[in-house]
Amino acid sequence: MLLTERTRIDAVTVNDAKELHRYFARNLKHLELWEPSRIVGHHDLDAWRQRARDYERSAREHKSYHLAMRLPEDDEIIGVLNFDSVSRGAFLACYLGYSIDSKCEGRGLMFEALSVIIPFVFETYELHRIMANYMPSNERSGKLLQRLGFEKEGFAKSYLKIAGRWEDHVLTARVNLV
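Below: a short report on this structure. Source: prediction; values computed, not measured.

**Concerning the sheet that holds strand β2 (residues 8-11)**
Pairing is mixed across the open sheet formed by 8 strands, whose spatial order is β1-β2-β3-β4-β5-β6-β8-β7. Each edge of the open sheet carries a strand with a single partner, namely β1 (2-3) and β7 (151-162). Relative to β2, β1 runs antiparallel, the two being bridged by 2 bridges. Residue pairing in the sheet places L3 in a bridge with R8 of β2. Across the face of the sheet, helix α1 (residues 17-26) comes into contact with β4 (77-87) and β5 (93-100) while running at roughly 105° to β4.

Structural data, given as structure tokens:
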């Protein structure tokens, strides 16, 4: 567990399945513009139970790290932070993905959480590069990444199919210079 001034960040476990289910059900409309179209049942409770078990296994195998963000006094998940596709060897890198509850947006909570968790991930998992890509229309995400020290490295046309459409993405990364 990591604490910031206003958040608590924990590794996702199977015990978080119900809260993850609630988080995504509550934010379905809020997040659908920024996520791939999902098959029927993707956000069902049983699907979240299996996914949470997979997340735990993946963390043990150092393939990805899925984290839940909460307010310190509450068990309700208000955001998720994912460090996926961890690559070892000469690359030592991963991809960052994140989302925040619509009711918490604009309060600086994601910046606060990522400001603490990114140095932790670099140090603890001995990574050299964290990459994060965003759609040009998602200006808030672009500004957040810039504030966190991510630098633009490129532009990918039709990079990911989001909400049923192929979307361009700005490619950014933050390098651990320590």
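**Focus on the environment of S137**
Here S137 is to be found in the loop between β6 (129-134) and α5 (139-147). Sequence separation between S137 and V170 is 33 residues; the distance between their C-alpha atoms is 10.0 Å.

**Examining the nonpolar core**
With 32 residues, the main nonpolar core has L81, F83, L96, L114, I117, I118 and I130 as its most contacted residues. Only β3 (65-70), β4, β5, α4 (109-125), β6 and α5 provide two or more residues apiece to this core. Top contributing element to this core by residue count: α4, with 9 residues. Beyond its immediate chain neighbours, meaning those up to four positions away, L81 contacts I9, Y65, H66, L67, M69, G97, Y98, M110, A113, L114 and I117. Counting 12 residues, the second-largest nonpolar core is a separate cluster that includes L31, W48, A52 and V80.

**Description of α1**
Among all positions in α1, only A17, E19, L20, Y23 and F24 are buried. Down the axis of α1, the buried set is contained in an arc of 160°. They therefore lie on one face. If you follow the buried residues of α1, they end up packed against α2 (28-31), α3 (45-60), β4 and β5.

**Looking at the packing of aromatic side chains**
The full count for this structure, using the stated rule, is 4 aromatic pairs. Between the aromatic rings of Y65 and Y125, the centroid separation amounts to 3.8 Å while the plane-to-plane angle is 15°, which identifies the pairing as stacked. Residue Y65 is located in strand β3, and its partner Y125 is located in helix α4; the two are separated by 60 residues in the primary sequence. Ring geometry for F120 and Y125: centres 6.2 Å apart, planes at 90°, overall edge-to-face. Among the aromatic residues, ring-to-ring pairing joins Y23, F24 and W48 into one connected group. Lying across the ring of F111, R147 places its NZ or CZ 3.7 Å from the centre.

**Notes on the environment of R129**
Mapped onto the elements, R129 comes out in strand β6. Separated by 27 residues in sequence, R129 and S102 place their C-alpha atoms 29 Å apart. Residues contacting R129, with those up to four places away along its chain left out, are F91, L92, A93, C94, F122, E153, A173, R174 and V175.

**Brief notes about unusual backbone geometry**
Positive phi, normally seen in glycine, also occurs at H62, with a value near 60°. Looking at the element boundaries, H62 is found in the loop between α3 and β3. Take H62: its relative accessible area is 39%, and that puts it in the partly exposed class.

Calculation notes
Residues numbered from 1 in each chain as written. Predicted model: local features only at pLDDT ≥ 70, side-chain atom pairs only at ≥ 80, totals over all residues. Heavy atoms only, no water. Pairing = 2+ DSSP bridges. Helix = DSSP H or I, 4+ residues; strand = E, 2+ residues; numbered from the N terminus. Contact = heavy atoms within 4.5 Å. Axes fitted to C-alpha atoms, helices over the stretch in contact; angles between N-to-C directions. Core = buried A, V, L, I, M, F, W, Y, C linked by side-chain atoms within 4.5 Å. Buried < 20%, exposed > 50% of the residue type's maximum accessible area, 1.4 Å probe, protein only. Arc of directions from axis to C-beta. Phe/Tyr/Trp six-rings, centres within 6.5 Å; stacked < 30°, edge-to-face > 60°. Lys NZ or Arg CZ within 6 Å of the ring centre and 35° of its normal.

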